[in-house]
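# Examination of the molecular architecture
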Amino acid sequence: MSASLQLPVVDLSSMHDGAAARLELARELDAACRQFGFFYLVGHGVQTRQVQALMASARAFFDAPLDAKRSIHMSKGGRAWRGYFQLGEELTSGRPDGKEGLYFGTELDESDPRVQAGTPLHGRNVFPSTPELRGAVLDYMEEITRVGHQLMALLALGLSLKETFFRERYTGDPTILFRIFNYPRVADPTDGWGVGEHTDYGFITLLKQDTVGGLQVRHRDGWLEVPDVPDSFVCNVGDMLERLTRGRYLSALHRVRSSARSDRLSMALFFDPAFDAALTPIETVAPDSYSPHTQVRWDDLDPHAVQQTYGEYLLSKVGRVFPWLREKAL
Ligand SMILES: O=C(O)CCC(=O)C(=O)O
Ligand SMILES: [Fe+2]
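You'll find the protein chain entered in an unreviewed UniProt entry as 2-oxoglutarate-dependent ethylene/succinate-forming enzyme, with Steroidobacter flavus given as the organism. The record in UniProt for the protein chain states the following under Pathway (unreviewed entry): "Alkene biosynthesis; ethylene biosynthesis via 2-oxoglutarate." Heading Cofactor (unreviewed entry) of the UniProt record for the protein chain holds this comment: "Fe(2+)".

So, in structure tokens, the structure goes:
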């Protein structure tokens, strides 16, 4: 564990200061995605008040009795795969995680052709009866999605592509999944993981965590602690961005250690390619010398060999972490 090393902090506030400032930001992002696959994002324009309000509502939800939480259990959410899942029901690395959670995604009603066709992961959200959570979740998803588009534009610039590159090809209608997790405190934190080591699946994850800590990222041959930085999001590259960039950007392994002191809350928004997108490497991008191909894959699936659409890839992954739901909803 290298305690002294810290992830890069990228400050988006200079984003509107002209072309030279944007290029500088793009270079910083490029370096962070190559070296770590992870960075802190500040100056993003999302109001602290909005984030804190959502976290407070989520905390109130998780503190409620299990019966109340189970009234919106995922098994009732059908193919859209939304709602509450209980401690032990998600198996990220083949064994149960020490977390419970709420699953959300883009809000779609029955007029959407994908909902009509019964496409998994598409549909309406299931909200708890506490009224404030609904509006707070929908507003937050919209706001973070906006930041996701901005990041992708800057990432394109850093790859010497047109800023609209990703939006035109892959993220005009991004796949947005949003998850709020509670990691209950444990008597012995060395006994298993809050979430086992894994990589994320899509393009970019924007994570807000509380101040408890426990997130760790694999860097070279060690694990780096990723404590909270005030008003930041922890952002990380997913498998499909690694694939598109031919390994220039790293989809880095990460995991979470639960705390013995208190519960931990985190909120992860996955900003990912359109469900029907087919992803092929970008010809003009030069792969890096530090190749992620040398990373031991956590799940034996090589994202560079994927021939499926993003949706197919995602479903194969999600089916593994929720085996009990796969049988019901896929
Ligand atoms: O809760 C966290 O800090 C990380 C969660 C995570 O890695 C994930 O959901 O993919
Ligand atoms: Fe993750």
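## Thoughts on the overall build of the protein chain
From N to C terminus, the protein chain includes nine helices and twelve strands. For 330 residues, the compact-globule estimate of 2.2 N^0.38 gives 20 Å, and the C-alpha radius of gyration of the protein chain, at 19 Å, lies within 12% of that figure. With the C-alpha coordinates aligned to their principal axes, the bounding extent of the protein chain is approximately 55 × 50 × 40 Å. Expressed as a percentage of the 330 residues in the protein chain, the buried residues total 57%. Put simply, 78% of the contacts in the protein chain that link residues at least 6 apart link residues at least 24 apart.

## Let's talk about the packing of aromatic side chains
Evaluated as defined, the whole model comprises 13 aromatic pairs. An angle of 75° between the planes, with centres 5.4 Å apart, marks the rings of Phe 61 and Phe 62 as edge-to-face. Phe 62 matches Phe 61 in its accessibility class, with the two residues each being buried. Between Phe 61 and Tyr 84, the ring centres sit 5.7 Å apart and the planes meet at 70°, which makes this aromatic pair edge-to-face. Remark: Tyr 84 occurs in strand β3 (residues 83-85) and Phe 61 occurs in helix α2 (residues 48-63); sequence separation between them is 23 residues. Looking at Phe 61, the relative accessible area reads 6%, which means it is buried. Under the relative-accessibility criterion, Tyr 84 is labelled buried at 0%. Lying over the aromatic face of Trp 223, Arg 255 brings its terminal NZ or CZ to 3.8 Å of the ring centre.

## Quick look at the coordination of the iron ion (ligand 2)
Listed as protein donors to the iron ion (ligand 2) are His 198 (NE2), Asp 200 (OD) and His 254 (NE2); their distances from the metal cover 2.1 to 2.2 Å. The sequence motif formed by the donor residues of the iron ion (ligand 2) is H-x1-D-x53-H. On the basis of relative accessibility, which here comes to 5%, the residue Asp 200 falls in the buried class.

## Focus: the nonpolar core
Ranked by internal contacts, the top residues of the largest apolar core, which has 96 residues, are Phe 39, Leu 41, Phe 166, Phe 178, Ile 180, Phe 203 and Leu 206. Apart from the residues lying within four places of it in its own chain, the contact partners of Phe 178 are Leu 54, Leu 102, Tyr 103, Phe 104, Gly 105, Val 137, Tyr 140, Met 141, Met 267, Ala 268 and Leu 269.

## Regarding the sheet that holds strand β11 (residues 254-256)
Across the sheet, which stays open at both edges, the four strands sit in the order β6-β11-β8-β9 with antiparallel pairing between neighbours. Two strands in the sheet have a free side with no partner beyond their single neighbour: β6 (195-198) and β9 (222-225). Strand after strand, the sheet turns through a mean of 25° between neighbouring axes, direction not considered. Note: strand β8 (residues 215-219) against β9, four bridges, orientation antiparallel. Note that in β9 the partner of Val 217 across the bridge is Leu 224.

## Concerning empty space enclosed by the protein
Empty space among the atoms becomes visible once a probe the size of a water molecule is rolled across them. Applying the stated rule across the entire model yields four cavities of 30 Å³ or more. Counted as a void, the largest cavity has a volume near 330 Å³. Lining the largest cavity are 27 residues, with Phe 181, His 198, Asp 200, His 254 and Phe 270 sitting closest to its centre. Contributing elements (two or more residues each) for the lining of the largest cavity: β5 (175-183), β6, β7 (204-209), β10 (233-237), β11, β12 (264-272) and α8 (310-321). Looking at the lining of the largest cavity, the element that brings in the most residues is β12, giving five residues. Grouping the constituent residues of the lining of the largest cavity by class yields 14 nonpolar, seven polar and six charged. What the second largest cavity holds in volume is close to 130 Å³. Lining the second largest cavity we find Arg 82, Thr 106, Leu 108, Arg 114, Leu 121, His 122, Asp 173, Pro 174, Thr 175, Ile 176, Leu 177 and Phe 275. Ranked by the residues each element gives to the lining of the second largest cavity, the list is headed by β5, at three residues. Each residue belonging to the lining of the second largest cavity can be placed in one class, and the counts come to six nonpolar, three polar and three charged.

Thresholds applied
Residues numbered from 1 in each chain as written. Chains lettered and ligands numbered in written order. Predicted model: local features only at pLDDT ≥ 70, side-chain atom pairs only at ≥ 80, totals over all residues. Heavy atoms only, no water. UniProt positions renumbered as here; feature names shortened; annotations may be inferred. Helix = DSSP H or I, 4+ residues; strand = E, 2+ residues; numbered from the N terminus. Rg over C-alpha atoms; globule rule 2.2 N^0.38 Å. Buried < 20%, exposed > 50% of the residue type's maximum accessible area, 1.4 Å probe, protein only. Contact = heavy atoms within 4.5 Å. Phe/Tyr/Trp six-rings, centres within 6.5 Å; stacked < 30°, edge-to-face > 60°. Lys NZ or Arg CZ within 6 Å of the ring centre and 35° of its normal. Donors = N, O, S within 2.8 Å, 3.2 Å for Na, K, Ca; no water. Core = buried A, V, L, I, M, F, W, Y, C linked by side-chain atoms within 4.5 Å. Pairing = 2+ DSSP bridges. Axes fitted to C-alpha atoms, helices over the stretch in contact; angles between N-to-C directions. 1 Å grid on protein atoms, 1.4 Å probe; cavity = no way out; pocket = protein on both sides within 12 Å on 5 of 7 lines; lining within 4 Å. Points joined across faces, edges and corners; volume = space filled by probe spheres on them. Nonpolar A, V, L, I, M, F, W, Y, C, P; charged D, E, K, R; others polar.

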